[in-house]
Amino acid sequence: VVRGRMEGAVVVLGSATPSMESAANATSGRYDRLMLTQRVMNRPLADVRVVDMRPEFAAHGADVVISQALWEALELRLSRGEQSLVLLNRRGFATVVFCRSCAATLECPHCSVTLTYHRTARRVRCHYCNYATTIPKACGTCGGEFLEQSGVGTERLEAEIRTRFPGARVVRVDRDTIRRRGAIARVLGDVARGEVDILVGTQMIAKGHDFPSVTLVGVISADVGLGMADFRAAERTFQLLTQVVGRAGRGDMAGEALVQTLYPDHYSVRAAAAQDYAAFFEKETEFRT
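These remarks concern the structure in this document. Counting restarts for each chain, with residues numbered from 1 along the sequence as it is written. It should be noted that, the model being predicted, local features are given only for residues of pLDDT at least 70 and side-chain atom pairs only at 80 or more, the latter also being counted only at that level, while totals for whole chains, interfaces and linings use all residues. Excluded from the side-chain calculations are hydrogens and water; all other atoms, namely the structure's heavy atoms, are used.

## Examining the packing of helix H8 (residues 267-274) against helix H9 (residues 277-288)
Taken N-terminus to C-terminus, the directions of H8 and H9 make an angle of 160°; their axes are 9 Å apart at the nearest point. As far as their axial angle goes, H9 and H8 are roughly antiparallel. Considering the relative orientation of H8 and H9, their crossing is left-handed. Of H9, the residues touching H8 (which contributes Tyr267, Ser268 and Ala271) are Phe280, Lys283, Glu284 and Phe287. We call Asp, Glu, Lys and Arg charged. Ala, Val, Leu, Ile, Met, Phe, Trp, Tyr, Cys and Pro are nonpolar, and the rest, Gly among them, are polar. Its residues assigned to classes, the contact of H8 with H9 comprises four nonpolar, one polar and two charged. Note on geometry: axes are C-alpha line fits, over the in-contact stretch for helices, and angles between N-to-C directions span 0 to 180 degrees. A helix here means a DSSP run of H or I that spans at least four residues, while a strand means a run of E at least two residues long, and both kinds are numbered starting from the N terminus. Angles below 35 degrees are treated as roughly parallel, those above 145 as roughly antiparallel, those between 65 and 115 as roughly perpendicular, and all remaining angles as oblique. Helix crossings fall into two classes, left-handed where the near helix is turned counterclockwise from the far one by less than a right angle and right-handed where it is turned clockwise. When checking whether two residues touch, look at their non-hydrogen atoms; a contact exists if any pair is within 4.5 Å.

Okay, here's the thing in structure tokens:
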């Protein structure tokens, strides 16, 4: 915007989920607002279902990653030869390594955050400063020898899907799998050619991609960002959910999205499920003013 003002140029800010600041500028008249009210060729938006994970945990335990509804939806797409996309915005295998005796967790010595376990690399890593080390044989606090893992990342999600559907072509996209130059382009090319059945990944797969054969989007732990100490937490959750459910049904076949959450009544989750930016903007404005 500053560069455009300096050059006397027209600046176009385009997004299905603009920032609160941009939307406020458009509402106040500082920006001109142009609205696209429908999809290309009048295609319908994906049908979104919010899955409350509390009954799932009550029935099957707290280790449940994928709900029964999502398993059934994935199986249906595989039987039809359609593609699915599953989002979990946490990489690694387990998000916490802790001592069974004293409950101390492995933390980054620089950032004081819990280290994430990456099973493929057999290391724990800090996702802030990239500090990494092997898992110790004993707890550094009490000397206990039983270190457990908890929490779910994309690596574990991929493993569970492969175990459930051993014949499916499953590909994971996150910072750990696309380090090599050209890796992301190859994966996206495989998806476009129909050589991938289920694409698992972080927010890298949520925005901007156009895969006509993706008819199902599953979101694991949709509320993972709501607990962040950031006043934009609800805004970023809404943006991510709205963008990722928009990956479903972009071709001739209808799309469906299942959003798993512990907070099914949170306004950001509900507005994203309805793909209603105006409703979210109105509610979020109440907290910002």
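## So, the packing of helix H7 (residues 233-245) against H9
Taken N-terminus to C-terminus, the directions of H7 and H9 make an angle of 170°; their axes are 11 Å apart at the nearest point. As the angle between them shows, H7 and H9 are arranged roughly antiparallel. Of H9, the residues touching H7 (which contributes Ala234, Glu235 and Phe238) are Tyr277, Phe280, Glu284 and Arg288. In the contact of H7 with H9, the residues fall into four nonpolar, no polar and three charged.

## Some details on the pattern of salt bridges
Where charged atoms of side chains with opposite charge meet at close range, the side chains can pair. Salt bridge, as used here, is a side-chain nitrogen of Lys or Arg placed within 4 Å of a carboxyl oxygen of Asp or Glu. Using the criterion set out here, one finds 23 salt bridges in the structure. Note that arginine 91 is salt-bridged to aspartate 176, the shortest N-O span being 2.8 Å. Highlighted residues: arginine 91 in the loop between strand S2 (83-87) and strand S3 (96-99) and aspartate 176 in the loop between strand S8 (170-173) and helix H6 (183-192), separated in sequence by 85 residues. Exposure categories follow from relative accessible area, calculated using a 1.4 Å probe and restricted to protein chains: below 20% of the type maximum is buried, above 50% is exposed, and the middle band is partly exposed. Accessibility expressed as a relative area gives 23% for aspartate 176, which makes it partly exposed. With a shortest N-O distance of 3.2 Å, arginine 156 and glutamate 160 are connected by a salt bridge. In this pair, arginine 156 and glutamate 160 both sit in helix H5 (residues 154-164), four residues apart, roughly one turn of the helix. The class for arginine 156 is buried, based on a relative accessible area of 17%. Each of Arg49, Arg77, Arg80, Glu82 and Glu256 takes part in a single network of salt bridges with overlapping partners.

## Some points on a nonpolar patch on the surface
Each patch is built from residues that are more than 30% exposed by relative accessible area and take part in no salt bridge. Like charges join if they lie within 9 Å; nonpolar side chains (Val, Leu, Ile, Met, Phe, Trp, Tyr) join within 5 Å. Using the Shrake-Rupley algorithm and a 1.4 Å probe, accessible areas are obtained, with residue cover drawn only from the displayed protein chains. Residues Val1, Val11 and Leu13 make up a contiguous nonpolar surface patch of about 250 Å² in total accessible area. Here leucine 13 shows up in the loop between helix H1 (2-7) and helix H2 (20-28). For leucine 13, a relative accessible area of 51% corresponds to the exposed category.

## Considering the pairing of S2
With five of five residues buried, S2 lies mostly within the body of the structure. A two-sided burial pattern is seen for S2, the buried positions comprising Gln83, Leu85 and Leu87 on one face and Ser84 and Val86 on the other. Should DSSP find at least two bridges between two strands, the strands are regarded as paired. Note that S2 and strand S10 (residues 214-219) share five bridges and pair parallel. Its bridge partner being in S10, glutamine 83 is matched across the sheet by valine 214. Here four bridges tie S2 to strand S9 (residues 198-201), and the two strands are oriented parallel to one another. If you follow valine 86 over to S9, its bridge partner there is valine 200.

## Let's talk about the sheet that holds S9
Pairing in this open sheet of six strands is parallel, and the strands run S1-S11-S10-S2-S9-S8 from one edge to the other. Lying at the two open borders of the sheet, with one neighbouring strand each, are strand S1 (47-52) and S8. The average angle at which neighbouring strand axes cross in this sheet is 15°, direction not considered. Sheet analysis places S8 next to S9, joined by four bridges and oriented parallel. Across the sheet, residue valine 170 finds its bridge partner in S9, namely isoleucine 198. Relative to S10, helix H4 (residues 68-80) is tilted by about 160°, and along the sheet it contacts S1, S2, S9, S10 and strand S11 (256-261).

Treat this as a map of the structure, not an account of what it does.
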